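The residues making up each chain are set out below.
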Amino acid sequence: MKDIWEISSAILASLGGGALIIAAFSSWLGKVWAGRILESDRAKYQAEIEQIKSDLNKKIHEHNVAVSRIDAHRAEAIQQLYVSLLRCNEAALDIMAPNSKLDDFSIAIPAYKEWAKRFRKESEQLEKLSMLFAISMGEDTYKILSKCGLVISNLSIEFCDAVFNADQEGDPDNILANIETAKQKLVDNFDEDFQPAKAILIKEFRNIMDPRLEEIDTANK
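Quick caveat, the model's predicted, so the values are computed rather than measured. (Residues numbered from 1 in each chain as written. Predicted model: local features only at pLDDT ≥ 70, side-chain atom pairs only at ≥ 80, totals over all residues. Heavy atoms only, no water.)

Colleague: Go over the environment of Ile202, please, and point to the residues and values.
Modeller: With respect to the helices and strands, the residue Ile202 is situated in helix H4 (residues 172-209). You can call Ile202 partly exposed: its relative accessible area is 35%. Separated by 124 residues in the primary sequence, Ile202 and Ile78 have C-alpha atoms spaced 8.2 Å apart. (Helix = DSSP H or I, 4+ residues; strand = E, 2+ residues; numbered from the N terminus. Buried < 20%, exposed > 50% of the residue type's maximum accessible area, 1.4 Å probe, protein only.)

Okay, here's the thing in structure tokens:
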């Protein structure tokens, strides 16, 4: 009986030790494979993250290029509008400036005709550019510019009508009086719309060149 118990104890001890070895080996092997799987997943996810970063940087670059092109287009539009507005102003000043020689009908009519043609030409150009570049302007800016263009256009038409009606027979004094009426209307209305349009174009252009300028102007007020 003693021999049997000794043999049984040996077998159980043998099996017990093997189970511990197997359990330890399984635990070690599990950790190894878990580590390898984790590294594989980490590499996979890292590659995906890098691809996402690359795609995002590409989109940001494309966006920045598009914004730069839009800003360049807007800056060019504003410059052209500003030059056109100044040319309208110069043409209007020729008409509005005091000139004693214009009391002479034979001198006044040819001079007024030349100025009227120029004023009409410049006002038509401003109206054309305002419509052409409307898509580049903000709503508030466009409203001011379109109003200015419309007022200048109407004033130029009214003044041109008064001047070119001088070709018709009539009393020179009445003809000059009609021209002076149209001229005075130009004096009374032109600057009221010209100055806001000029100011907003300067502001828009400055904001494109350096948006911080608006913050500085606001802080200084």
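Colleague: Outline the packing of aromatic side chains, supporting the account with residue identities and numerical values.
Modeller: Scanning the entire structure with this criterion turns up four aromatic pairs. Plain terms: the ring middles of Phe190 and Phe194 are 5.5 Å apart, the flat faces sit at 20° to each other, and that makes the pair stacked. With a gap of four residues between them, Phe190 and Phe194 both fall in helix H4, about one helical turn apart. Residue classification places Phe190 among the buried positions, given a relative accessible area of 1%. Here Phe194 falls in the buried class, since its relative accessible area comes to 2%. Connected via pairs of aromatic rings, a cluster forms that spans Tyr112, Trp115 and Phe159. (Phe/Tyr/Trp six-rings, centres within 6.5 Å; stacked < 30°, edge-to-face > 60°.)

Colleague: Quick rundown of the side chain of Ser130? Include the residues and the values.
Modeller: With respect to the helices, strands and loops of the structure, Ser130 is situated in helix H2 (residues 105-132). Residue class for Ser130 comes out buried when judged on its relative accessible area of 7%. A distance of 2.8 Å separates the side chain of Ser130 from the backbone oxygen of Leu126, its partner in a polar contact. With residues up to four places along the chain from it excluded, the contact list for Ser130 reads Leu81, Tyr142 and Leu145. (Polar contact = N/O pair within 3.5 Å; in protein donor to acceptor, adjacent residues only side chain to side chain. Contact = heavy atoms within 4.5 Å.)

Colleague: Tell me about the packing of H2 against H4, and name the residues and values.
Modeller: Between H2 and H4, the least distance of the axes is 12 Å, while the angle of their chain directions is 40°. Seen along the crossing, H2 lies across H4 with a hand that is left-handed. Contacts between H2 and H4 involve Phe105, Ala108, Ile109, Tyr112 and Phe119 from the former and Pro172, Ile175, Leu176, Ile179, Glu180, Lys183, Leu186 and Phe190 from the latter. Across the contact of H2 with H4, the residue classes tally to 11 nonpolar, no polar and two charged. (Axes fitted to C-alpha atoms, helices over the stretch in contact; angles between N-to-C directions. Left-handed = near helix turned anticlockwise from the far one by under 90°. Nonpolar A, V, L, I, M, F, W, Y, C, P; charged D, E, K, R; others polar.)

Colleague: So, the packing of helix H3 (residues 139-164) against H4: which residues are in play, and what are the values?
Modeller: Packed helix pairs are specified by the crossing angle of their axes together with the interaxial distance, meaning the distance between the axes. Taken N-terminus to C-terminus, the directions of H3 and H4 make an angle of 160°; their axes are 9 Å apart at the nearest point. Judged by the inter-axis angle, H3 sits roughly antiparallel to H4. The two elements H3 and H4 meet at a crossing, and its hand is left-handed. Grouping the amino acids of the contact of H3 with H4 by side-chain chemistry returns 18 nonpolar, three polar and seven charged. (Parallel < 35°, antiparallel > 145°, perpendicular 65-115°, else oblique.)

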